[in-house]
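# Commentary on secondary and tertiary structure
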Amino acid sequence: MKNLSLAHQSAQDLLDFIDASPSAWHVVKTLETQLAAFQFQRLYETETWQLENGGRYYVVRGDSSIIVFVHGEKSVAETGFKIIGAHTDSPSLRIKPNPTTTTANLERLNVEIYGGAIIATFADRELSLAGRVNYQTENGELAQSLVHFPQPLLRLPNLAIHLNRNVNEDGLKFHKQNELGLLFANVAEQLPVSQFLTLLTSQLPDDTARILAWDLNVFDTQKGNFWGANQEFFANGQIDNLASCHAAINALLDERILKNDSTLICAFFDHEEVGSESHCGASGSFLTDTLQRMSDATSQSSQDFARALARSFLISADMAHAYHPNFPQVYDAAHTVHVNQGVVIKVNVNQRYTSDGVSEAMFMRWCERANVPHQMYSHRNELSCGSTIGATVSAKLGIRGVDVGNPMWAMHSCRESAGVFDHGAMIAVMKQFLINNAPAS
Ligand code: ZN
């Protein structure tokens, strides 16, 4: 019998994690707070690393990608690296460099679309801004602050149906250049400084700051909620892929797991939603550099490093497309996966997913040991399949991996949803992977 109150606990913890992390930069900050409670020490790429066996460390690149690791007592040449990968970013709207346009006494924010967002889902919601601001201080130095406006600041109102008579027949569409300006302020006259800059400056520690640039994410201020007759579902923004980051870090942050003598790694990357090609993305050098430096810091030979990679394994965790009963035609009927029915193993022979028969079988056994059901997903043949960080990380490191994730509805909507039972199940199977003492392969 499934335990609903236990499932609610881990899902509520996830909803709180998402609510505290309205941008990829805030995801890293939230994780750092969690890691501090478990005595993790930050390493800087600009410094020389000295690692202790059993030591707990993390490295940040670009403020929005983070690699967390426990340096095992045993040599990595004997145990391999056990890696869980996920991504910190979610599709959304971002504020352009020239931020505002004023028309008819209304200041609007100019936006660019980040990743494959379902744009219409951003309409008629209480939106706001979070991200980082780069500025010059009074002393002429460059500085940076994270900013987060919890109150609704922005809105993309729909047209009334009387002005858009065919909306229900044609679907809700916004022209990507002309119709996405976010309503922000009523301005009686042309002000010398835009209200947007005034508001941003108010968030900085130094009110004489001269703002130079920003990376600002538009997010939905509505908090996460449970829904359904038994509250067995939940909704929030950014479930793809903060649910996987949260599951992985919670699997790791367990004293039984942390005292394991293998080297355990959680690697969370920005820019997955735009192809991972960046200095801190999964196709960049961040993970390779970090593994190499871990090996160098403990004087492992290049032979040992190669042996370590040959014994390593990657779980690439990202979300999966749950069956939606109103649209049965969009699924491969033999490979539907269902909310609250277990974790999903994702298979694509064209290597959009990194799974193969060997890695699938290994993951199935970790599921069995964790007493967690699993489901198999394969995309319809005539539809192009999404991808994850799995294939690129496997290829760069030359290590075997499996793509997994939990079933969810409305992936890339401003308001996504999933099932409370699957989240705890994913944490349980990830713990099995991390604690299993045998070399991964
Ligand atoms: Zn994703």
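Attention in this report is confined to the structure presented alongside it. (Residues numbered from 1 in each chain as written. Predicted model: local features only at pLDDT ≥ 70, side-chain atom pairs only at ≥ 80, totals over all residues. Heavy atoms only, no water.)

### A word on the side chain of Thr201
Condition: Only runs of H or I of at least four residues qualify as helices and only runs of E of at least two qualify as strands under DSSP, and these elements are numbered from the N terminus. Polar contact is the term for a pair of N or O atoms within 3.5 Å; when the atoms are in protein, one must be able to donate a hydrogen and the other to accept it, and sequence-neighboring residues count only if both atoms are side-chain atoms.
Tracing the sequence through the fold places Thr201 in helix α5 (residues 195–202). Polar contacts involving the side chain of Thr201 include one to the main-chain carbonyl oxygen of Leu197, which spans 2.7 Å.

### Description of the packing of aromatic side chains
Heads up, the condition is: Any Phe, Tyr or Trp ring, taking Trp's six-membered ring, that has another such ring centre within 6.5 Å forms a pair; planes under 30 degrees apart are called stacked, those over 60 apart edge-to-face, and the others tilted. Charge-over-ring contacts are defined here by two conditions on Lys NZ or Arg CZ: a distance within 6 Å of the ring centre and an angle within 35 degrees of the ring normal.
Taken as a whole and judged by the stated rule, the model has 12 aromatic pairs. A ring pair is formed by Phe313 and Trp366, whose centres lie 5.2 Å apart and whose planes are at 85°; its orientation type is edge-to-face. Pair noted here: Phe313 is in strand β14 (residues 313–317) and Trp366 is in helix α10 (residues 357–370), with a separation of 53 residues, a long-range link. Pairwise contacts between aromatic rings join Phe313, Phe363, Trp366 and Phe433 into one cluster. One Lys or Arg, Arg94, reaches over the ring of Tyr114 and ends 4.0 Å from the middle of that ring. The positively charged end of Arg293 is found above the aromatic ring belonging to Trp49, 4.2 Å away from the centroid.

### Some thoughts on the coordination of the zinc ion
In plain terms, the rule: Only nitrogen, oxygen and sulfur atoms qualify as donors, and only when within 2.8 Å of the metal (3.2 Å in the case of Na, K and Ca); with water excluded, sites may look incomplete. Note on geometry labels: four donors, all angles 85 to 135 degrees, give tetrahedral; four donors become square planar and six octahedral when opposite donors are over 155 degrees apart and every other angle is between 65 and 115; remaining cases are irregular. For every residue, the accessible area obtained with a 1.4 Å probe (protein chains only) is divided by the maximum for its type, and the residue is called buried under 20%, exposed over 50%, and partly exposed between those limits.
The zinc ion binds to the protein through His87 (NE2), Asp240 (OD), Asp318 (OD) and Asp318 (OD); the donor distances cover 2.1 to 2.7 Å. Here the zinc ion binds 4 donor atoms, and the angle range of 52 to 138° at the metal identifies the geometry as irregular. Positions of the donor residues of the zinc ion, expressed as sequence spacing, correspond to H-x152-D-x77-D. Remark: Asp318 occurs in the loop between β14 and β15 (320–321) and His87 occurs in strand β4 (residues 81–87); sequence separation between them is 231 residues. With respect to class, His87 is no different from Asp318; both count as buried.

### Things to note about the pattern of salt bridges
Formally: Counted as salt bridges are all cases of a side-chain nitrogen of Lys or Arg within 4 Å of a carboxyl oxygen of Asp or Glu.
Evaluated as defined, the whole model comprises 16 salt bridges. With a shortest N-O distance of 3.3 Å, Asp304 and Arg307 are connected by a salt bridge. Placement of the pair is Asp304 and Arg307 together in helix α9 (residues 302–310), with a separation of 3 residues, close to one helical turn. With its nearest N and O atoms 3.4 Å apart, the salt bridge here joins Arg400 to Asp356. Placement of Arg400 in strand β18 (residues 400–405) and of Asp356 in the loop between β16 (343–346) and α10 is noted, with a sequence separation of 44 residues between them.

### As for a nonpolar patch on the surface
Applied cut-off: To count toward a patch, a residue needs a relative accessible area over 30% and no salt bridge; like charges are then connected within 9 Å, while nonpolar side chains (Val, Leu, Ile, Met, Phe, Trp, Tyr) are connected within 5 Å. Note on areas: Shrake-Rupley, 1.4 Å probe, and residue coverage restricted to the protein chains presented here.
A cluster of nonpolar side chains, contributed by Phe327, Val330 and Leu383, occupies part of the molecular surface with about 240 Å² of accessible area. Along the polypeptide, Phe327 turns up in the loop between β15 and β16. Classification of Phe327 as partly exposed rests on a relative accessible area of 41%.

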